[in-house]
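Below, each chain spelled out in residue letters.
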Amino acid sequence: VQLQASGGGLVQDGGSLRLSCAVSRRPFSELAVGWFRQAPGKEREFVAAISSSGGSTSYADSVKGRFTISRDNAKNTVYLQMNSLKPEDTAVYYCAADTQYNPLVTRRISVILYWGQGTQVTVSS
């Protein structure tokens, strides 16, 4: 499985960005997908996840009401719409996938099967 994250960039405080995670080499419908982020000097943290069916989603408290995760099975892509961005959202954002939803939502980073490269999000104040 290969995951390709894109869509990062520089945005002002209060702005919006949409990240994309394109998934290949496995039936996309079998995979739960999540987003994690890592700021300089900090540990990687959970942001959001969506189940393989799309019927379940989960968010970190810090992004609830501002970020929305979704998936388009026809395009093998998961999106993270980020609104009302804050400087503390600045980080490298990684998409991750697993055949099970649980490892993503329970933040078991060490056991998650697949990771993409990161995309930088910078929010200026």
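Heads up: the structure comes first, above all this text.
Residues numbered from 1 in each chain as written. Predicted model: local features only at pLDDT ≥ 70, side-chain atom pairs only at ≥ 80, totals over all residues. Heavy atoms only, no water.

Novice: Teacher, can you tell me more about the state of the cysteines here?
Specialist: Cysteine pairs can be covalently joined through their sulfur atoms, and such a bond is termed a disulfide. A complete count under the given rule lists one disulfide for this structure. The disulfide partner of C21 is C95, and the gap between their sulfur atoms is 2.3 Å. One disulfide, between C21 and C95, carries an S-S torsion of 70° and so falls in the right-handed class. Of the two residues, C21 is situated in strand β3 (residues 17-24) and C95 in strand β9 (residues 91-98); the sequence distance between them amounts to 74 residues. The class for C21 is buried, based on a relative accessible area of 0%. Note on C95: relative accessible area 0%, which makes it buried. (Disulfide = S-S within 2.5 Å. Helix = DSSP H or I, 4+ residues; strand = E, 2+ residues; numbered from the N terminus. Buried < 20%, exposed > 50% of the residue type's maximum accessible area, 1.4 Å probe, protein only.)

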